[in-house]
Amino acid sequence: MTTITDLPQGDPRLLDTDLARELLTSTELARLAYVAPDGTPRVLPMMFHFTGDEVVFATFGGAHKIAHLRARPQVAVTIDTAGDPPRVLMLRGPVTVTDVPGVVAEYIAAHERYRGPEQAAATLAEIDHPDLVMARIGLRPTWVGLLDFVTRFPGGGTAADIVRRARQ
C-alpha cells in the first residue's frame, strides 16, 4: 500500500493509501460539486459507493443534475470527517452518466453500508418498480488530494509552515 507522504497532491495513486480507503469505505457523505447551465456552482451531499477505481453516485431519473452533469461532466468531490484532526479526500475529474432501468446496483451497496442490510432491503422494496429509471454517475478521478492535518496540510509543508505563512 502506498503511504500518504510518498505522493504529491493530485496524484491519482493517493486512492491507494490507507486514509483514502478509510474515507472511501466510511459512512461520511460525499459532497459532489458541479456547474449548472447558468454557470453557478452546485454542491450536493450524496451517498456513494466505491468500486475500487470508481466513485459511484445514483439518482432517480428526471433529476435536474442528470442533464447538468451530462452538459458539464467535470466535477469535484470531497469526503471528509469533522473530527480533530479532520481528514479530507478531494477528487476531481469527469463523470459518466448512464441511464439504468431499475435500481443502480451501487445505490443498494451504498444503502447497505450507510444504513445496514435491513434498511437497504426496505428501501429497495419501497422504490423497486417496473417503470423505475435511475442514473448511475461514475467518477474515475483524474486528480486526488488528501489532507490529514498531521503529515499533509493545505498548501503543503508542515503545521509550522502554515503558522509562519499566516504571520507574514
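Presented here is a report on the structure given in the accompanying data block. Because the structure is a prediction, the values reported are computed rather than measured.

**Brief notes about the overall build of the protein**
Item 1. A tally of regular secondary structure across the protein gives 5 helices and 8 strands.
Item 2. Reading the protein from its N end, one meets helices and strands in the order α-β-β-β-β-α-β-β-α-α-β-β-α.
Item 3. Overall size of the protein, expressed as C-alpha extent along the three principal axes, is 60 × 40 × 25 Å.
Item 4. Taken across its 168 residues, the protein has 42% of its residues classed as buried.
Item 5. At a minimum sequence separation of 6, the contacts of the protein that also span at least 24 residues come to 69%.
Item 6. Here the protein carries 17 positive and 20 negative side-chain charges, and the mean point of each set is 8 Å from the other.

**Things to note about the pairing of strand S4 (residues 55-60)**
Item 1. Buried residues dominate S4, accounting for 5 of its 6 residues.
Item 2. In this structure, strand S3 (residues 49-50) lies alongside S4, joined through 2 bridges in antiparallel fashion. Bridged to histidine 49 within S4 is valine 56.
Item 3. Count of turn residues in the S3/S4 antiparallel hairpin: 4 residues, of which glycine 52 carries a positive phi of about 120°.
Item 4. Examined bridge by bridge, S4 and strand S7 (residues 133-139) share 6 bridges and lie antiparallel to one another. Bridging across to S7, phenylalanine 57 finds its partner in isoleucine 137.

**With respect to helix H3 (residues 105-115)**
Count 3.6 residues to each turn of an α-helix, and residues three or four apart come out pointing the same way.
Item 1. Among all positions of H3, only Glu106, Tyr107, Ile108, Ala109, Ala110, His111 and Tyr114 are buried.
Item 2. Count one or two residues on from H3 and you reach glycine 116, which has phi positive near 95°.

Conventions and cut-offs
- Residues numbered from 1 in each chain as written.
- Predicted model: local features only at pLDDT ≥ 70, side-chain atom pairs only at ≥ 80, totals over all residues.
- Heavy atoms only, no water.
- Helix = DSSP H or I, 4+ residues; strand = E, 2+ residues; numbered from the N terminus.
- Buried < 20%, exposed > 50% of the residue type's maximum accessible area, 1.4 Å probe, protein only.
- Contact = heavy atoms within 4.5 Å.
- Lys, Arg positive; Asp, Glu negative; His and termini not counted.
- Charge placed at Lys NZ, Arg CZ, Asp CG, Glu CD.
- Pairing = 2+ DSSP bridges.

These results come straight from atomic positions and should not be treated as a statement about function.
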